[in-house]
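What the coordinates show
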Amino acid sequence: MASEIAVIDTGVANTASILAVLERAGGKPFLTTDAEVVRTAKLVVLPGVGAFGPAVEFLSSKGLMAPLHERIEKNMSTLSVCLGFQLLAMSSEESPGAKGIGVLPTDVVRFPSGCSTPQQGWNRVTADPRCKILKSGFAYFSNSFCMRSTPAGWTSCETNHGIPFVSAVERGRVVACQFHPELSGTLGFGILKRWIAAADTEATVPDYRSNLCRRVIPCLDVADGRVVKGIKFQELRDAGDPVEQAARYESNGADELVMLDISATTEGRATTLETVRRLRGRISMPLTVGGGVKSVEDAGRILSAGADKIAVNTAAVVNPELLTQLSDRFGNQCTVLAIDAVRAGPGKWEVVVKSGKEKTGIDVVQWAIDGVKRGAGEILLTSFDQDGTKAGYDCDLLKAVSSAVSVPVIASGGASNAGHLVDAIDAGSDAVLAASIFHYNETTIEELKSALVQHGIQIRTSGYFGASEDHGSNSNNMQPFLPLVSVEQGRAVGVVHNGKEITDVRDAVKLLALGGEITIKALDDVPATRAAVLGALNLVSCRIYANFTDVGLTYLDAGATMIIVRWPTVASWAQFPKERMCAVVEAVKGPDGWLLAGRPVAEALETLAAQFGTIMFNFADAPIDVAALKRWAKACAATGTGVCVCSSKAGIADIAACDRASVLLVLPSEVLNNHGFADALTSVLVSDRPDGLWPTIVADECHRVLGLAYSSAASVRAALEQRRGVYQSRARGLWIKGESSGATQDLLGIQVDCDRDTICFVVRQHGLGFCHRNMASCLRADSGLSGLLKTLHERRISAPEGSYTKKLYTDGTLLASKLVEEAIELSEAVAPDHVAEEAADLMYFMLVACTKAGVNLAAIERVLDTRSLKVTRRSGNPKRTLVAQRLEKMALTMRTWERAGSVQAIVEPPKGTLRRIAPDAVPALHRDPVDPSARSIAESILMDVRDYGEAALRNHALRLGDIKDGEQLVLAPADLKAAFDALDPAQQGVLQRTADRIRKFAEAQCNSVDKACKLSVPGGEAGQTIAPVEVAGCYAPGGRYPLPSSVLMGAITARVAGVKTVWVASPRPHAIVLAAAHVAGVDGLLAAGGAQAIAAFTYGAGGVPVCDAIVGPGNKFVTAAKSLVAGSVAIDMLAGPSECLVVADETADAATVASDLLAQAEHDTAARAILVSTSQELIDKVDVELQAQLATLPTAATAIVAIDRNSFAVKVATLAEAADIANRLAPEHLEIHIRDAPSHVDLFEHYGALFVGHHAAEVLGDYGAGPNHTLPTGGTARSFGGLSVHTFRRMRTWLRVDDLTASRDMVEDAVALALCEGLHGHARAAQARLV
């Protein structure tokens, strides 16, 4: 239960910050001025803003001086902040004659004249190792006076600001801080939590330099509750929600935040207080607010809403006395003079007001001097000439002002890169402010800070949310946290990456497993979910959270590291290995302490340890009690039981504390979305380097070390965003490996060492290797199995024709025989040397087989690891029948070779003929359709068009040759009709007739599915309606030739489905493509292709509307872009290279079959043409025909590569065997050239489109017989169908209940199931309907 905390209402506002953070730290704060409450309350906070004298006078008037003295002397829990700290002293030079509370027998003095005052910003705090609550780190200060010595009996922290001074003291439960813990990120947050809980759970930090840090400050120019940005406050454009922006900046390491209500003054109104309240409710860093402040009362309201400092500009020029009033009331540390300056000549600047609309004739330097004399404690100096130009700060202006005043100066106006910030600091500024470069993600605060460190500038590199305040770790965890992804109905729930929702479970788990093992929570047990979970287990290391005993063993055998179940459980898990079982037990705080599932802790732990190898403590909706968790973990360690923890309140800020307790925190994917994963991963990392970087070991998939690099928070975030090897160069900033050399890396995982000061990037290295010497490793050359594998990969491509290696790759029978031969010889070897030699021989041929199939060592290791986790084991008995059959087959093959003369007599098939493959050696068609490099390029284009709209779309279209400068980007229906009218009548007729056939088939598809259905349910009805999406985008490739058929197939099908708005995109559109778009009746055509077209369809740009569905085939960039936006919009499929499989018997015409295979092969060099036949004679005749037809085929250059590289023929004994191969491959196009073909159709189950009989050619499907030619490839026809009207339609269900009496059984079942699943809110909602 949250502890009540009495916060003294000092009467000078600024309590919103401390109230918000105390509540977040687990307290229940309230304001009071009641002396008795202050005397007796369990916890009391004395905040402080203002001057010493008025504060003493206020406390005395409320009768609070004596109660405060009394409770502190009794060591009752008391926290004094800033001025509150000084009030504990005897007196202060700030207010001679005023007497403090006097519990600290020392006086408060002014900083020496050589020090910049007030001390405004982040400085390092070094804690005495004996401190229990106070710790070392960066803290936020705002003070002009200090305490120089530590009173006897107190432990303290020291800070240096020109002189060393006491920055905090501690004695028992009494803590007093000169800095603001509520504004000091994780350091302050930890202090508040420890003060509330009185627990010593933190480690100390070695001392570092104690100079005041320079600050990086984002600025939010706000109008009408939204962030805006323009140039010189003109042409403003929306830049987002201020609260979301602020939260992002805080997690990135912002030191402070400035919010300026830029229209308040010009509109003659006060600052919007609601925005200030929302900001303070979300962030903990210092907040300066300006705009519309005209009086002390205005300032008081803003401070009460949550601001820490007030910026005044126009009002101070109109009434300079306002500065004095503000300083007297709230202290000069709260008073910021904002000055907008325009150049008025060499070395001269003039003050402008009202957002630059009025000149004043006032000299800027003199106004700054006068403002400081009147009470300003800080200058926010904006060059109006530079603002929004991104041309850099006005450094001459900064030098002139900073050299004239003693207070801190904040540089503003014109920043666009780290060099500008360095220049401003060199010119004398104490802090640098920027806006648009952060709003529009042109850079990040982390990146800028990293660059500042490189220039030797002292900045705060830790202590903010997402960064660690401690150095060193004693964690026993292999990884700092455990991501959890939920799966329902076979789809991932709540996973977002780079702003895009990921519902494909395979993609989701690969993303979350970049940090190591993950947990999958199966929300149901439907077949789709089981299949998705099993598929995930083939990819990554997973724990499975599922209360379904019948599938638990299946998951364990498939490689699940652990099964997680709720406890107590009615199901029996006794047959499962204890070490592979985890119990989730609910922890509830009772009046007498914690209970686990309603039982005393010791009793529950003893029972659990006997049944489960791991315990997951679920704090449900309560914050995690780390102290209790550590006790439980210690008890579990004594029995060898593992420990993890979860809570709906847990977040990234909890990772480090749990990690230090050696308890693995389970975090749901929603917490880790977008940048959360990177922040979580780096939250435990520490560094003893001055630049704050982390040494980074780079290793390949088999964990062989490639070299050493360095990482920062910014580089880790970039690496996870791009899924590439991205590091932090100590000299050049972010380093994207291979960006210039081509030796890129795919990021496979990031591991953290046990001390949390080193990380390891596991990568798939491309190109010539990691080392600049074009070697795989900086440490040693490839050798052993990895060296052999690399050589075999190279030889597979470069081996000369007729060489033995080439034969191994092209003749499956030869390789199979060598594998059997070497296995036999290994089985007969006895002596160690002989065994090693024969094993090496066998491994050579094994790796040939692996490289031939595209399998690497990591894939083999993954299979071995998965098998090691199997619970049920095979008998291991030899397969005698299989061995005998294989040996007989081998003997037969050897006799064939002997008749041919020798193995060397085997020759390669001539060019343009089909390779022969045995039925049992047919490779799968599956190939990942998404090229990793294309994905990276597509992602940047998508984000560019999303953020900058038509300008970015046009830029990419021009850059990539979609259009020429001056050409139309978008064509209207009138333009399309003009193109159609210009065609000759014959072409018009072809388009119209084809369109009619496509339309007729699509209409038949619509009619094949009822538009609505309904059935009775207890007390009412349930049903389904079918509705089309509203907007569809249809892509038609540009390519070497125009493809009007793709336009017709996509757009007409969408129209028939009922889509209201249909657009087409096609790069460099030919006149016949435009005419086809007219015939299809589209609403517009985008003359752009690639990822930029998909981006326009997804986000809307240049007049193209946001689409609900995107369909149509394209190149690798289109496919990659569609894979990235899938989930945001519906897509048809991810199309890979095209394929056609022909099943033929002796009745087939060899010339016709050959022409169909060549029609497939001419698509592109990656196409596949496959012949499966019961007739060897037909296969031989087809080879002859292929060579003859290639001799005259205009596209032979493409087709012959596809035939030689990707195509093959298979001789089978029966039609059933042919059908089995076809069903295994699930080809895009399947033709059956056999006798009585219609009667054998049922043998064939998996295909994109089926062409029955000798006359039904694939080409007729391609060109408009009616069925759609956009079909699934790569074996995905086992799971998906082709493009159809159903692609554009949604099945929507509904339920109506009228009679609650009749529905009682159904409602009671719902209550029971909800309670079974622990969803009490669901149960109550159902109970409300019981009568």
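Note that the structure is a prediction, hence the values are computed from the model and not measured.

What to know about the overall build of the protein
When its secondary structure is counted, the protein shows 45 helices and 58 strands. Computed over C-alpha atoms, the radius of gyration of the protein comes to 36 Å, within 12% of the 34 Å expected from 2.2 N^0.38 for 1331 residues, which places it in the range of a compact globule. Projected onto its principal axes, the C-alpha coordinates of the protein cover approximately 115 × 80 × 80 Å. Burial analysis of the protein (1331 residues in total) assigns 55% to the buried set. Of all intrachain contacts in the protein linking residues separated by at least 6 positions in sequence, the fraction that spans at least 24 positions is 68%. In the structure as shown, the protein presents an accessible area of about 54700 Å², 54% of it carried by carbon and sulfur atoms. Charged side chains of the protein number 129 positive and 148 negative; the gap between the two group centres comes to 2 Å.

Looking at the environment of L789
Examined against the element boundaries, L789 turns out to sit in helix 26 (residues 784-798). For L789, a relative accessible area of 8% puts it in the buried group. Along the chain, L789 and Y844 lie 55 residues apart, while their C-alpha atoms are 8.7 Å from each other. Excluding anything up to four places from it in sequence, L789 contacts L847, T851, N856 and L857.

Considerations on the nonpolar core
Core analysis: the largest hydrophobic core is formed by 91 residues, its most contacted members being I520, I544, F617 and W632. It is helix 21 (residues 626-638) that provides the largest number of residues to this core, a total of six residues. Beyond its immediate sequence surroundings of up to four residues, W632 is in contact with A587, W594, L596, V601, L605, F617 and F619. Counting 75 residues, the second largest nonpolar core, distinct from the first, contains L969, V1047, I1072 and A1091.

Comments concerning the packing of aromatic side chains
Counted by the stated rule, this structure contains 14 aromatic pairs. When the ring of W122 is compared with that of Y140, the centres are 5.7 Å apart and the planes differ by 70°; the resulting orientation is edge-to-face. Taken together, the positions of W122 in strand 7 (residues 119-127) and Y140 in strand 8 (residues 137-143) put the pair 18 residues apart, joining distant regions of the chain. Residue classification places Y140 among the buried residues on the basis of a relative accessible area of 1%. Ring geometry for Y727 and W735: centres 5.4 Å apart, planes at 45°, overall tilted. For W735, a relative accessible area of 26% gives the class partly exposed.

Focus on the sheet that holds strand 47 (residues 1020-1028)
On the basis of which strands lie adjacent, the open sheet formed by three strands has the order 46-47-58 and antiparallel pairing. One side of each edge strand has no neighbouring strand; the edge strands of this open sheet are strand 46 (1012-1017) and strand 58 (1289-1297). Taken over all neighbouring pairs, the strand axes of this sheet differ in orientation by 20° on average, direction set aside. Direction of pairing for strand 46 relative to strand 47: antiparallel, over a ladder of six bridges. Bridging from a neighbouring strand, K1014 pairs with G1023 of strand 47.

Details of the sheet that holds strand 45 (residues 970-971)
Here six strands make up an open sheet; going across it, the order is 45-50-49-48-51-52 and the pairing mixed. Of all strands in the sheet, those bounded by a partner on one side alone are strand 45 and strand 52 (1130-1131). Two elements, strand 48 (residues 1031-1035) and strand 51 (residues 1109-1111), share three bridges in a ladder whose sense is parallel. Bridging across to strand 51, G1033 finds its partner in I1110.

Criteria and cut-off values
Every chain is numbered on its own, with residues counted from 1 as its sequence reads. Restriction of local features to residues with pLDDT of at least 70 applies here, the model being predicted, together with a cutoff of 80 or more for giving and counting side-chain atom pairs; totals for whole chains, interfaces and linings are based on all residues. Side-chain descriptors were evaluated using all non-hydrogen atoms of the structure, hydrogens and water having been removed beforehand. Secondary structure elements are defined from DSSP: runs of H or I of at least 4 residues count as helices, runs of E of at least 2 residues count as strands, and each element is numbered from the N terminus. Here the globule rule is a power law, 2.2 Å times the number of residues to the power 0.38, and the radius of gyration is based on C-alpha atoms. Only protein chains enter the area calculation, which uses a 1.4 Å probe; residues under 20% of their type maximum are buried, those over 50% are exposed, and those in between are partly exposed. Contacts were defined at the residue level, with two residues in contact if any of their heavy atoms lie within 4.5 Å. Accessible surface is estimated by sampling points in the Shrake-Rupley manner with a 1.4 Å probe; for residues, cover comes only from the protein chains shown. Residues scored as positive are Lys and Arg, those scored as negative are Asp and Glu, and His as well as the terminal groups of each chain are ignored. Charged groups are reduced to one reference atom each: NZ for lysine, CZ for arginine, CG for aspartic acid, CD for glutamic acid. In this text, buried Ala, Val, Leu, Ile, Met, Phe, Trp, Tyr and Cys residues form a nonpolar core when linked through side-chain atoms within 4.5 Å. By convention, a stacked pair of Phe, Tyr or Trp rings (six-membered ring in the case of Trp) has centres within 6.5 Å and planes under 30 degrees apart, an edge-to-face pair has planes over 60 apart, and any other such pair is tilted. Any two strands with at least two DSSP bridges between them are considered paired. To get an axis, a line is fitted to the C-alpha atoms, and for a helix only the part in contact is used. The angle between two axes follows their N-to-C directions and goes from 0 to 180 degrees.

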